[in-house]
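If you want the building blocks of each chain, they are given just below.
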Amino acid sequence: MHKNELRSLMRQRKRQFTQQQLCELSLPIIARLRNMLNGADTVVAYYSLDDEVDTHGFIDELLADDKTVYLPRVVSDDEMVLCRYTGPDSLSKGAYGIMEPIGEPMPADAHIDAVLVPGMAFDGKGHRLGRGKGYYDRFLSSLSRPLPQLLGVCFDFQKVETVPTEPFDFSVDVVV
C-alpha cells in the first residue's frame, strides 16, 4: 500500500469514532506514557488535533510534575521549532489550525529526554507515517546524537503490519 492510500485508510478509520470515543481510547495510552516518562525531566510533546490521542490534559500533568515541556510551532512551509509550554495561556492558533506555543524557543543546547511523536500509522518496527508534510522527519533528523527516546503515539487501530518507508523517514523507538 502506498503512503497516500494508507493515510486515506487511517482517516476513514478515525471517522468511525466520535470525539468522546477517541478521548476514552486515549486514556490507556496516556497512562502508559505517564509511566514511561516518570523519570524524564524534559519532554517534547505535541498539542493533539481532534483525531489524535488526546494529549491536552497530559501536557498539563507533565508541567505540574515540574517537567520542562516543549511543543512544536510551525514557522514556514518546511520547518517547525520547539517552544516552551508554560500552560494553556501560552498557546495560540497557528499553522493548520493547530494550537501552538508562543513561549520562548528551546535553547540549542537543551537536553531532551523524550519526544512524543504523532503519526497517522505505525508498524511493529517503529516505522511512522506522518501527515505528509515531513515536519517531524526534518525535526528529528536535526536533533543531536545520541537521540532522546522517540515515542510513537497512536490508537491501536493505527497500528499496521507495514508502513512504507523512504530513506529520509524517521522511525520511533517504541509505539505506545
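Up top is the structure.
Residues numbered from 1 in each chain as written. Predicted model: local features only at pLDDT ≥ 70, side-chain atom pairs only at ≥ 80, totals over all residues. Heavy atoms only, no water.

Re the overall build of the protein
Argument step 1. Helices and strands together make up the secondary structure of the protein, namely four helices and 10 strands.
Argument step 2. Here the protein has a C-alpha radius of gyration of 15 Å; the compact-globule value for 176 residues is 16 Å, and the two agree.
Argument step 3. By its C-alpha atoms, the protein is 40 × 35 × 30 Å across when sized along the principal axes.
Argument step 4. Sorting the 176 residues of the protein into buried and exposed places 44% on the buried side.
Argument step 5. Pairs at least 24 apart in sequence give 67% of the contacts found in the protein among residues at least 6 apart.
Argument step 6. Taken as two groups, the 19 positive and 26 negative side-chain charges of the protein have centres that lie 5 Å from each other. (Helix = DSSP H or I, 4+ residues; strand = E, 2+ residues; numbered from the N terminus. Rg over C-alpha atoms; globule rule 2.2 N^0.38 Å. Buried < 20%, exposed > 50% of the residue type's maximum accessible area, 1.4 Å probe, protein only. Contact = heavy atoms within 4.5 Å. Lys, Arg positive; Asp, Glu negative; His and termini not counted. Charge placed at Lys NZ, Arg CZ, Asp CG, Glu CD.)

Concerning the environment of leucine 91
Argument step 1. For leucine 91, the location among the structural elements is in strand E4 (residues 91-93).
Argument step 2. For the pair leucine 91 and valine 81, spaced 10 residues apart in sequence, the C-alpha to C-alpha distance is 14 Å.
Argument step 3. Excluding anything up to four places from it in sequence, leucine 91 contacts Tyr47, Leu71, Tyr85, Met99, Glu100, Pro101 and Ile102.

Brief notes about the environment of methionine 120
Argument step 1. Tracing the sequence through the fold places methionine 120 in the loop between strand E6 (114-118) and strand E7 (121-122).
Argument step 2. Ignoring sequence-local partners within four residues, the contact set of methionine 120 consists of Arg7, Met10, Arg11, Lys14, Leu129, Gly130, Arg131 and Gln158.

Some thoughts on the pairing of E6
Argument step 1. Burial of E6 is extensive: five of the five residues sit out of reach of the surface.
Argument step 2. Of the two faces of E6, the one carrying Ala114, Leu116 and Pro118 and the one carrying Val115 and Val117 are both buried.
Argument step 3. Looking at chain direction, strand E1 (residues 42-44) and E6 are connected through two bridges and run parallel. Pairing of valine 44 across the sheet is with valine 115, part of E6.
Argument step 4. Here five bridges tie E6 to strand E9 (residues 149-153), and the two strands are oriented parallel to one another. Its bridge partner lying in E9, valine 115 is registered against leucine 150. (Pairing = 2+ DSSP bridges.)

What about the nonpolar core?
Argument step 1. If you look at the biggest cluster of nonpolar residues, it comprises 43 residues, and the most contacted ones within it are Leu33, Leu37, Leu71, Val115, Leu116, Phe139 and Leu140.
Argument step 2. Elements with a contribution of two residues or more to this core: helix H2 (19-36), E1, helix H3 (56-64), strand E2 (68-76), strand E3 (79-85), E6, helix H4 (135-142) and E9.
Argument step 3. Discounting residues that sit within four places of it in the chain, valine 115 has contacts with Val44, Phe139, Leu140, Leu143, Pro148, Gln149, Leu150 and Leu151. (Core = buried A, V, L, I, M, F, W, Y, C linked by side-chain atoms within 4.5 Å.)

Here we look at the sheet that holds E2
Argument step 1. The sheet built from six strands is open, its strands ordered E3-E2-E1-E6-E9-E10 with mixed pairing. Two strands bound the open sheet, and with one partner strand each, they are E3 and strand E10 (174-175).
Argument step 2. Contacts from H2 reach E6, E9 and E10 within the one sheet, and its direction differs from that of E9 by about 170°.
Argument step 3. Strands in contact with H3 are E1, E2, E3 and E6; relative to E2, the strand with the most contacts, it is inclined by about 130°. (Axes fitted to C-alpha atoms, helices over the stretch in contact; angles between N-to-C directions.)

Let's talk about the packing of aromatic side chains
Argument step 1. Counted according to the given criterion, the structure contains three aromatic pairs.
Argument step 2. Relative to phenylalanine 139, the ring of tyrosine 136 has its centre 6.4 Å away and its plane inclined at 85°; by these criteria the two rings are edge-to-face. With a gap of three residues between them, tyrosine 136 and phenylalanine 139 both fall in helix H4, about one helical turn apart. As far as the burial class goes, tyrosine 136 and phenylalanine 139 line up, both buried.
Argument step 3. Aromatic side chains phenylalanine 155 and phenylalanine 157 sit 5.3 Å apart centroid to centroid with 10° between the ring planes, which places their arrangement in the stacked category. By the burial criterion, phenylalanine 155 is buried, and phenylalanine 157 matches it.
Argument step 4. Taken together through their ring pairs, the aromatic side chains of Phe17, Phe155 and Phe157 make up a single cluster.
Argument step 5. Between the NZ or CZ atom of arginine 138 and the centre of the ring of tyrosine 135, over which it lies, the distance is 5.5 Å. (Phe/Tyr/Trp six-rings, centres within 6.5 Å; stacked < 30°, edge-to-face > 60°. Lys NZ or Arg CZ within 6 Å of the ring centre and 35° of its normal.)

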